[in-house]
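# Structure at a glance
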Amino acid sequence: MKKTSILFFLFLMSAGVSVFAQNTLLKGVVTDAKYHTPVPYAALFIQGTSIGTVADNTGEFSLSVPDSITDRRLMVAREGFQLMSLSLDERETERLIVALEPDDHVDRVRAIQDSIAVNSGAFGAFLARAVKFVTNDWIPLGDPETNWFDFGRIQTIPTYNPIEGIRLRAGIASNSRLSPHFFVRGYAAYGFKDQRFKYRGEAIYSFNKKAYHEDEFPKNNLRLVYENDLYSPGEMHPYALNDLLLITYRRSMNEATYRNFAELNYEREYKNGLAHTLRVRRSRLVPQGKLQFDQDFEEGIVLTNGELHTTDVGVLLRYSVREAYHQQKRKRIPLEITSPVFFLSHTMGVNGFIGGEVAYHRSEFSAQKRFLLGSAGRLDAVGEIMKVWNKVPFPLLVYPNQRYRYQIENNFFFLNRALEFVADEQYTLRMTFVGDDLLLAKMPVADILQLRELASLRVAHGRLSDKNNPAVSPNGLYHFPSVSHRYDNVPYVEGTIGITNILGLLRVEYVHRFTYRDHPDALLGAFRVDVTL
């Protein structure tokens, strides 16, 4: 009887412990109250306890809270946002949406900058408003709270280049109010010198529901694109967006083509930092100006091709060790900027498929990393390897500026001509240093305006095999343009020194060419102004 009583007592105690030890699972997402986009890596904890967690890189979290402490409050903290306190008694355990209010620190800095500008006179006030207008980049068409479309990009509306002269561009993009899954966007442009219209249209289906725009992290998009615009093989990667139009400030006369293409691609990003893009594209290149697609025919006859048709399929793999973004209205600003990022891609050209004229394989690998140098500043480094494995005409070879732009500040080669260095195997290295606590930081006005020192070094080297040299193997190859050269035993090197973050969007620098200074019409040095956005 005594043994039975003890067992019954122990049963009651264990039952009581299980009752009192029950937990409630809080699950939800931390969002930006202003933009309604996810906020990654927010800290959540129960006030006065050691119970807490950190949201993942898409703002999602789960937290097990003992029922015995429901009278405590849930605290949510994230740099750049106001501290938030929630009563657990009012929680929704199924899906808790925590909307953090942005901190006003950025607004205070901008207010100081605006005040300095206003005190400098009418021109300063106008300049401050213009910078803010350009920085925003997109304008809502209609009520900002209910509009379906945005107008932009403001930064690309007026540009100038030696081919088009003054170029005007206007674009439009839908947002999630039209549909959280289906988006459309595009632009139209006109060059007053070449008197030609250019345009691009996109239709995107996002398998993930979006807060505002289709490129929010993580992407899971199927995209159909058609573009007809100016394209320079030596200045743009074949798959780079023709958005800021790199040839705006470059010497590309007779080194560019008109290109139109249709493309279907699927892009997927994962929380673990892996991303992939699968694509198929049909392109047509038409030489511009004095650029010609000339090749030797029979008995020394030169045959001029009016255009080059290609069809290619490709895959791009990207991996970031830690990937997270502060996602604003139409921007996503990387938070893990010091994490290395790797790219590996392969493109296969198909001869005879929907008009393709060249069969080839092209492989690329690149890596980028930002190094923090204590209080001195930061160093951004990007290295690339490119190789074309087959015999191809010169528009399909590799050039120093053919690369993907991604995250860190590291601009293109500037003093070389677009098609100056031809290769089918190439190696490039770009390094950019931006100061932090150096000379400009010691000057009160410069520090308030956040002006910083800048220095960079860019190096390119490669080789051209005989099969892609029209002087050795002319059959099926176009003649090289007169500005084109092969690499010698030394790499091409240029460096810069200057000031960046002027007005929050400009950099001014002097660029110097160290090698291949004997090339005809070589630009040995120049001052340049560039947009850093």
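Placed above this text is the structure.
This write-up is about the structure you can find in this document. What you see is a predicted model; the values in this text were computed from it and never measured.

Where burial is concerned, most of strand 1 (residues 23-32) is hidden: seven out of the 10 residues are buried. Where strand 1 lies against strand 4 (residues 60-66), seven bridges are found, and the strand directions are antiparallel. From the neighbouring strand, V29 faces strand 4, where its bridge partner is E60. Strand direction decides the pairing type here: strand 1 and strand 7 (residues 96-100), joined by five bridges, are parallel. Bridge pairing in strand 7 places G28 opposite L96.

Now for the side chain of N228. Looking at where N228 falls in the secondary structure, it is placed in strand 14 (residues 220-231). Every residue in contact with N228, bar those within four places of it in the chain, is listed here: K198, Y199, R259 and N260.

A word on the nonpolar core. The tendency in soluble globular proteins is for nonpolar side chains to be buried side by side. Residues L308, V392, F394, L397, Y487 and Y492 are the most contacted members of the largest nonpolar core, which totals 32 residues. If near-sequence neighbours (up to four positions away) are discounted, V392 is found in contact with V358, Y360, L397, N468 and L477.

To continue, consider the packing of aromatic side chains. Evaluated as defined, the whole model comprises 14 aromatic pairs. Ring geometry for F217 and Y325: centres 5.4 Å apart, planes at 50°, overall tilted. One end of the pair, F217, is in the loop between strand 13 (196-206) and strand 14; the other, Y325, is in strand 20 (residues 325-327), and 108 residues separate them in sequence. Comparing F217 with Y325, the two get one shared label, buried. A centroid spacing of 5.9 Å and a plane angle of 75° characterise the contact between F293 and F394, whose relative ring orientation is edge-to-face. With a gap of 101 residues between them, F293 in strand 17 (residues 293-296) and F394 in the loop between strand 24 (377-388) and strand 25 (425-435) connect regions that are remote in the sequence. F394 matches F293 in its accessibility class, with the two residues each being buried. Grouping aromatic residues by their ring pairs yields a cluster made of F413, F421, Y487, Y492 and Y516. Directly above the ring of F261 sits R281, whose terminal nitrogen or CZ lies 3.7 Å from the centroid. Residue placement shows R403 over the ring face of F412; its charged tip is 4.9 Å from the ring centre.

What follows deals with empty space enclosed by the protein. One pass over the structure, following the stated rule, counts three cavities of 30 Å³ or more. Approximately 230 Å³ is the volume attributed to the largest cavity. Y231, P238, D312, Y360 and L396 are, among the 18 residues lining the largest cavity, the residues nearest its centre. Going through the elements one at a time, strand 16 (274-287), strand 19 (308-320) and strand 23 (360-372) are the ones with two or more residues in the lining of the largest cavity.

Let us now look at the sheet that holds strand 1. Sheet architecture is open: three strands sit in the order 4-1-7, paired in mixed fashion. Looking at which strands have only one partner, the edges of the open sheet turn out to be strand 4 and strand 7. Taken over all neighbouring pairs, the strand axes of this sheet differ in orientation by 35° on average, direction set aside.

Moving on, we come to the pattern of salt bridges. What the rule picks out here adds up to 33 salt bridges. For R332, the salt bridge goes to E269, with nearest N and O atoms at 2.8 Å. One end of the pair, R332, is in strand 21 (residues 332-334); the other, E269, is in strand 15 (residues 257-269), and 63 residues separate them in sequence. Of the residues examined, E269 reaches a relative accessible area of 2% and is grouped as buried. Connected via shared salt-bridge partners are R200, E202, D215, K219, R223, E227, R259 and E267.

Ordered in space as 3-2-5-6, the four strands form an open sheet in which the pairing is antiparallel. Lying at the two open borders of the sheet, with one neighbouring strand each, are strand 3 (52-54) and strand 6 (84-87). Put simply, the sheet's adjacent strands are angled 15° from each other on average, direction ignored. The sheet contact formed by strand 2 (residues 43-46) and strand 3 spans three bridges and is antiparallel. Residue pairing across strands places F45 opposite G52, the latter belonging to strand 3.

This next bit is on the environment of N475. The residue N475 is located in the loop between strand 26 (452-463) and strand 27 (492-502) in this model. For N475, a relative accessible area of 63% gives the class exposed. Spatially, the C-alpha atoms of N475 and Q295 are 7.6 Å apart, while their sequence positions differ by 180 residues.

Our focus in this paragraph is the pairing of strand 13. Sheet faces and side chains relate simply in a regular strand, where the side chains alternate between the two faces. Pairing of strand 12 (residues 182-191) with strand 13, which is carried by 10 bridges, proceeds in the antiparallel orientation. The partner of A188 across the bridge, within strand 13, is Y199. Joining the antiparallel neighbours strand 12 and strand 13 is a turn of four residues, in which Q195 adopts a positive phi near 55°. Where strand 13 and strand 14 come together, eight bridges link them in antiparallel fashion. Counterpart to G201 in the pairing with strand 14 is Y226.

What follows deals with the environment of R330. Position of R330 relative to the elements: it lies in the loop between strand 20 and strand 21. When the C-alpha positions of R330 and E216 are compared, they lie 8.3 Å apart, and in sequence the two are 114 residues distant. Setting aside residues no more than four positions away along its own chain, R330 makes contact with W138, D150, A173, S174, N175, Y212, H213 and E214. Of note is the side chain of R330, whose polar atom sits 2.8 Å from the side chain of D150.

Thresholds applied
Residues numbered from 1 in each chain as written. Predicted model: local features only at pLDDT ≥ 70, side-chain atom pairs only at ≥ 80, totals over all residues. Heavy atoms only, no water. Buried < 20%, exposed > 50% of the residue type's maximum accessible area, 1.4 Å probe, protein only. Helix = DSSP H or I, 4+ residues; strand = E, 2+ residues; numbered from the N terminus. Pairing = 2+ DSSP bridges. Contact = heavy atoms within 4.5 Å. Core = buried A, V, L, I, M, F, W, Y, C linked by side-chain atoms within 4.5 Å. Phe/Tyr/Trp six-rings, centres within 6.5 Å; stacked < 30°, edge-to-face > 60°. Lys NZ or Arg CZ within 6 Å of the ring centre and 35° of its normal. 1 Å grid on protein atoms, 1.4 Å probe; cavity = no way out; pocket = protein on both sides within 12 Å on 5 of 7 lines; lining within 4 Å. Points joined across faces, edges and corners; volume = space filled by probe spheres on them. Axes fitted to C-alpha atoms, helices over the stretch in contact; angles between N-to-C directions. Salt bridge = Lys/Arg side-chain N within 4 Å of Asp/Glu carboxyl O. Polar contact = N/O pair within 3.5 Å; in protein donor to acceptor, adjacent residues only side chain to side chain.

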